[in-house]
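Notes for the structure review
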Amino acid sequence: MAQKWYIVHTYSGYEEKVKAALEERIRKFEEEKVRQGEKDARGKYFSAVIVPTEKVLEVVRGKKKTSTRRIFPGYILVKMELNDETWHVVRSTPRVTGFAGSRTSPTPLPDAEAEELITQIMEGAYTPKPKVTFKEGDTVRVIEGPFANFVGTVQEVRPDKRKVKVLISIFGRATPIELDYMQIEHA
């Protein structure tokens, strides 16, 4: 039977601890299988445990800071071959409340969705996203650059480039300037 990705529900805020505990239980499970004479047990039943996270940029006290944010709080992803033993290894891990799907037969993630999600997680590890989002009409304060401390109104948002066009009053005239998300904050 081939390994599939499964969504495991955990206590929210304990995802990393659950991951560590589950990885330890998997290690012991595989060692036991090897002792029982199954030579290729390592990696046969479980191959990955992932906490879906992404890096986000935020401004804290005027300084840029990169932090990690959970994409799906309260959930982890496990790539495994599902059988009664592996189900029990995961289900009996402390702070695990169950699998996504029915109580007795978990539903695997479709391969295409799993690939897309893993790609998103891996890309997020390399390209931090801004924690704050802006929309047209927001009043913002420029915190960096030649227009620092000016207040203006967001005229246009380009999330793909992480840029905004802000109308700032210079000498009594509204002047549009293009700024990066990290150069402004909500006023």
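Up top you'll find the structure we're talking about.
First, a word on scope: everything that follows refers to the structure included in this document. (Residues numbered from 1 in each chain as written. Predicted model: local features only at pLDDT ≥ 70, side-chain atom pairs only at ≥ 80, totals over all residues. Heavy atoms only, no water.)

So, the pattern of salt bridges
If you walk through the whole model with that rule in mind, you get 14 salt bridges. The salt bridge partner of arginine 35 is glutamate 32, with a shortest N-O separation of 3.1 Å. Separated by three residues within a single helix, arginine 35 and glutamate 32 lie in helix H1 (residues 15-35), roughly one turn from each other. Under the relative-accessibility criterion, arginine 35 is labelled exposed at 61%. Of the charged contacts, one joins arginine 158 and glutamate 156 as a salt bridge, the two residues approaching to 3.1 Å between their closest N and O atoms. (Salt bridge = Lys/Arg side-chain N within 4 Å of Asp/Glu carboxyl O. Helix = DSSP H or I, 4+ residues; strand = E, 2+ residues; numbered from the N terminus. Buried < 20%, exposed > 50% of the residue type's maximum accessible area, 1.4 Å probe, protein only.)

Some thoughts on unusual backbone geometry
Excluding glycine, residues mostly carry a negative phi; peptide bonds, for their part, are mostly trans. Here the phi dihedral of arginine 162 falls at roughly 55°; this positive angle occurs in a residue that is not glycine. Residue position: arginine 162 is located in the loop between strand S9 (151-158) and strand S10 (163-170). On the accessibility criterion, arginine 162 (28% relative accessible area) is partly exposed. Backbone geometry places phenylalanine 171, a non-glycine residue, at a positive phi of 55°. Topologically, phenylalanine 171 is positioned in the loop between S10 and strand S11 (173-180).

Some details on the side chain of threonine 10
The topology assignment puts threonine 10 in strand S1 (residues 4-10). With near-sequence residues (within four places) excluded, threonine 10 lies in contact with Glu15, Val18, Gly74, Tyr75, Ile76, Arg95, Val96 and Thr97. (Contact = heavy atoms within 4.5 Å.)

Re the packing of H1 against helix H2 (residues 84-91)
Axis separation between H1 and H2 bottoms out at 9 Å; the angle between their running directions is 145°. Helix-helix and strand crossings are classified by hand; for H1 and H2 the assignment is right-handed. Residues Leu22, Arg25, Ile26, Phe29 and Lys33 of H1 form the contact with H2, whose own contacting residues are Glu85, Thr86, His88, Val89 and Val90. Looking at side-chain class alone, the contact of H1 with H2 contains five nonpolar, two polar and three charged residues. (Axes fitted to C-alpha atoms, helices over the stretch in contact; angles between N-to-C directions. Left-handed = near helix turned anticlockwise from the far one by under 90°. Nonpolar A, V, L, I, M, F, W, Y, C, P; charged D, E, K, R; others polar.)

Digging into the nonpolar core
By size, the foremost hydrophobic cluster in this structure holds 18 residues, and its most contacted members are Val8, Leu22, Phe46, Ile76, Val78, Met80 and Val90. Considering every element that reaches this core, the biggest residue donor is H1, with four residues. (Core = buried A, V, L, I, M, F, W, Y, C linked by side-chain atoms within 4.5 Å.)

Points about the packing of aromatic side chains
Tallied over the full model, the rule gives six aromatic pairs. Ring centres of tyrosine 11 and tyrosine 14 lie 6.2 Å apart, and the angle between their planes is 80°; on these two criteria the pair is classed as edge-to-face. For tyrosine 11, a relative accessible area of 44% gives the class partly exposed. By relative accessible area, tyrosine 14 is classed as partly exposed at 31%. Here phenylalanine 147 and phenylalanine 150 contribute two aromatic rings whose centre-to-centre distance is 5.9 Å and whose plane-to-plane angle is 85°, an arrangement assigned as edge-to-face. Exposure remark for phenylalanine 147: the relative accessible area of 24% places this residue in the partly exposed category. (Phe/Tyr/Trp six-rings, centres within 6.5 Å; stacked < 30°, edge-to-face > 60°.)

Observations regarding the sheet that holds S10
On the basis of which strands lie adjacent, the open sheet formed by five strands has the order S11-S10-S9-S8-S12 and antiparallel pairing. Looking at the sheet topology across the chains shown, the edges are occupied by S11 and strand S12 (184-186). Strand-to-strand twist of the sheet, defined as the mean angle between neighbouring strand axes without regard to direction, takes the value 45°. Two strands pair when backbone bridges link them, and S9 and S10 are joined in this way by six bridges, in the antiparallel orientation. Counterpart to glycine 152 in the pairing with S10 is isoleucine 168. (Pairing = 2+ DSSP bridges.)

Focus on the pairing of S10
A regular strand carries its side chains on alternate faces of the sheet. Taking the residues that link successive antiparallel strands as the turn, the S9-S10 hairpin has four residues, and the phi of arginine 162 there is positive, at about 55°. Two elements, S10 and S11, share eight bridges in a ladder whose sense is antiparallel. Looking across to S11, one finds that lysine 165 is bridged to glutamate 178. The hairpin turn running from S10 into S11, its antiparallel successor, is two residues long, and phenylalanine 171 in that turn takes a positive phi close to 55°.

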